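# Structural overview
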Amino acid sequence: MTISSPAQLRADNAALVRALESAQARVRYLKAALAVMTGLVAALVAYLVVGNLDASPLTVLGSSATSFVVATGFVFTLQEKMGRP
């Protein structure tokens, strides 16, 4: 077993901290991408369902936009409540 010097341990610790911060930044990006994609799916489903009910184009667009906002916000809220980084 080799014994590392304090300077080497500090350098290793700094490298690990940088790697952890980089990983956390990627996780935040992926969480946002997941929320937006979920919102897009909800908007598409709302567009198809309301569009097939012979609603006006403005109603279809409004329900689609509302579904996007609600689904995206819901996913962000779930992620926050789960307490993940």
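Each residue is numbered by its place in its chain's sequence as written, counting from 1. Local features in this predicted model are restricted to residues of pLDDT 70 or higher, and side-chain atom pairs are both shown and tallied only at a pLDDT of 80 or more, whereas totals for entire chains, interfaces and linings draw on every residue. With hydrogens and water stripped out, all remaining heavy atoms of the structure feed into the side-chain values.

Right, let's talk about helix H2 (residues 57-82) for a bit. The helix and strand labels rest on DSSP assignments: H or I over at least four residues marks a helix, E over at least two residues marks a strand, and numbering proceeds from the N terminus. For a helix, the expected span equals 1.5 Å multiplied by the number of residues minus one. Between its first and last C-alpha, H2 extends 38 Å over 26 residues, near the 38 Å set by a 1.5 Å rise per residue. When H2 is considered as a whole, its buried residues turn out to be Val 60, Ser 63, Ser 64, Ala 71, Thr 72, Val 75 and Gln 79. Where H2 is buried, its residues meet helix H1 (6-51). The positive-phi residue at the C-terminal boundary of H2 is Gly 83, with phi of around 75°. A 1.4 Å probe rolled over the protein chains alone gives each residue an accessible area, and that area as a share of the maximum for its type sets the label: buried under 20%, exposed over 50%, partly exposed in between. Throughout, a residue-residue contact means that at least one pair of heavy atoms, one from each residue, lies within 4.5 Å.

For helices, the fitted axis covers only the stretch in contact; all axes are lines through C-alpha atoms, and the angles between them, taken along N-to-C directions, range from 0 to 180 degrees. Running from N to C, H1 and H2 cross one another at 150°; their axes reach a closest spacing of 7 Å. Our classification of the angle between H1 and H2 gives roughly antiparallel. The handedness of the crossing between H1 and H2 comes out as right-handed. For this classification, Asp, Glu, Lys and Arg are treated as charged, while Ala, Val, Leu, Ile, Met, Phe, Trp, Tyr, Cys and Pro are nonpolar and the rest, including Gly, are polar. Looking at the contact of H1 with H2, its residues break down into 15 nonpolar, nine polar and one charged. Here roughly perpendicular refers to angles of 65 to 115 degrees, roughly parallel to angles under 35, roughly antiparallel to angles over 145, and oblique to all remaining angles. Note on convention: the crossing is left-handed when the near helix lies turned anticlockwise from the far helix by less than a right angle, right-handed when the turn is clockwise.

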